[in-house]
Amino acid sequence: MADMGAFRRAVTVWAAGGPGEEAGELAARLPVSGAVLLEGPSDVAAVEALASRRGRDPADEGVCVLSMGGAMSVGRYTSLLGPPGLGLRLTGLCDERERDFYARGWERAGVVGEQFFVCAADLEDELIRALGVERVRELVEQQGDLRALDTFVRQPAQRGRSAGQQLRRFLGTKKGRKIQYGRVLVEALAPDEVPEPLDALLAAL
């Protein structure tokens, strides 16, 4: 049976310049009604973790949560999945520095309204501020990474940075770590601690 994972893979192939027939067929068969456009897999992990905590499964709701491999690809994805392409309802989450890429992508695809949500710096920054530095350090210790973190923050390049900035940079120092902590940090949030952009995105699905 076709699933949302197959659709996600087909869209990725299509966005890379491959054929789009499979994506179109799967969109109709599943069916798919919407897509969440995210910069990377750590954002996908965070969104899916929050949805699960709230008893929701975007795939069951016909919504595909997609990593685009970078915000600069958003114009390609909006043209394929939005009004010029499959006609799906689009939403997304981006970093503040990538807002203009998303805005142009939405505009060029003819998507009405600004239906994406913006993190002040990035999603990791939002989650660290929501939880607080000490709580994040506790989670890092629970994941067995505290020694690596303490070694990292003693590096000369980290001097002068705040503890929050150091944590944020640490999460990006090892392949797969941002994905791991995208899930871990979201699962640790109290209901009233969910960052506003992430909360608004889930509400919009």
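Placed above this text is the structure.
Each value, and the rule that gives it
- Each chain has its residues counted from 1, running along the sequence as written.
- The model is predicted, so local features are restricted to residues of pLDDT at least 70 and side-chain atom pairs to those at 80 or more, both for listing and for counting; the totals for chains, interfaces and linings are taken over all residues.
- Hydrogen atoms and water are omitted, and side-chain values are computed over all heavy atoms in the structure.
- Helix and strand labels come from DSSP, where a helix needs a run of H or I of at least four residues and a strand needs a run of E of at least two; each type is numbered from the N terminus.
- Relative accessibility decides the category of a residue: with a 1.4 Å probe and only protein chains considered, values under 20% of the type maximum give buried, values over 50% give exposed, and everything between is partly exposed.
- A contact between two residues is defined here by any heavy atoms of the two lying within 4.5 Å.
- For the accessible areas, the method is Shrake-Rupley and the probe is 1.4 Å, while residue cover comes only from the protein chains on display.
- Only four residue types enter the charge count, namely Lys and Arg as positive and Asp and Glu as negative; His and the chain termini do not.
- A single reference atom marks each charge: NZ on Lys, CZ on Arg, CG on Asp, CD on Glu.
- We treat two strands as partners when DSSP finds at least two bridges between them.
- Interaxial angle, 0 to 180 degrees, is taken between N-to-C directions of lines fitted to C-alpha atoms, where a helix line uses only the stretch in contact.
- Note on angle classes: values under 35 degrees are labelled roughly parallel, values over 145 roughly antiparallel, values of 65 to 115 roughly perpendicular, and the remainder oblique.
- Helix crossings are classified by the rotation of the near helix relative to the far one: an anticlockwise turn of less than a right angle makes the crossing left-handed, while a clockwise turn makes it right-handed.
- Only Asp, Glu, Lys and Arg are considered charged in this grouping, and only Ala, Val, Leu, Ile, Met, Phe, Trp, Tyr, Cys and Pro are considered nonpolar; every other residue, Gly among them, is considered polar.

A short note on the overall build of the chain
1) Next: Along its length, the chain carries eleven helices and four strands.
2) Next: Taking all 205 residues of the chain together, the buried fraction comes to 46%.
3) Next: Within the chain, contacts between residues at least 6 apart in sequence are counted, and of these 71% link residues at least 24 apart.
4) Next: When the accessible area of the chain is evaluated, it comes to approximately 10100 Å², of which 48% is carbon and sulfur surface.
5) Next: The chain carries 26 positive and 30 negative side-chain charges, and their two centres are separated by 6 Å.

A look at the environment of Pro195
1) Next: With respect to the helices, strands and loops of the structure, Pro195 is situated in the loop between helix 10 (177-188) and helix 11 (196-204).
2) Next: The spatial distance from the C-alpha of Pro195 to the C-alpha of Leu123 is 8.6 Å, given a sequence separation of 72 residues.
3) Next: In this view, Pro195 contacts Glu126, Leu127, Ala130 and Leu189; residues no more than four positions away in its chain are not counted.

Quick notes on the sheet that holds strand 2 (residues 63-67)
1) Next: Reading across the sheet, the four strands line up as 2-1-3-4 and stay open at both edges, with parallel pairing between neighbours. At either margin of the open sheet sits one strand with a lone partner, and together these are strand 2 and strand 4 (116-119). Mean inter-strand twist for the sheet, computed between neighbouring axes without regard to direction, equals 15°.
2) Next: The sheet contact formed by strand 1 (residues 34-38) and strand 3 (residues 89-95) spans five bridges and is parallel. What sits directly across from Ala35, in strand 3, is Leu90.

Topic: the side chain of Glu124
1) Next: Tracing the backbone through its elements, the reader meets Glu124 in helix 6 (residues 123-131).
2) Next: Given a relative accessible area of 7%, Glu124 falls into the buried group.

Overview of the environment of Val140
1) Next: Here Val140 shows up in helix 7 (residues 133-142).
2) Next: The spatial distance from the C-alpha of Val140 to the C-alpha of Leu185 is 9.5 Å, given a sequence separation of 45 residues.
3) Next: The contact partners of Val140, leaving out residues within four places of it in the chain, are Asp145, Leu146, Leu149, Phe170 and Tyr181.

Side note on the packing of helix 6 against helix 9 (residues 163-170)
Helix packing geometry: the angle between the two helix axes and the distance between the axes.
1) Next: At a minimum axis separation of 10 Å, helix 6 and helix 9 run at an interaxial angle of 135°. Here helix 6 is positioned oblique relative to helix 9, judged by the angle of their axes. In the crossing of helix 6 with helix 9, the sense of the turn from one axis to the other is right-handed. Along the contact surface, helix 6 presents Glu124, Asp125 and Ile128, while helix 9 presents Gly164, Leu167 and Arg168.
2) Next: Residue composition of the contact of helix 6 with helix 9, grouped by class: two nonpolar, one polar and three charged.

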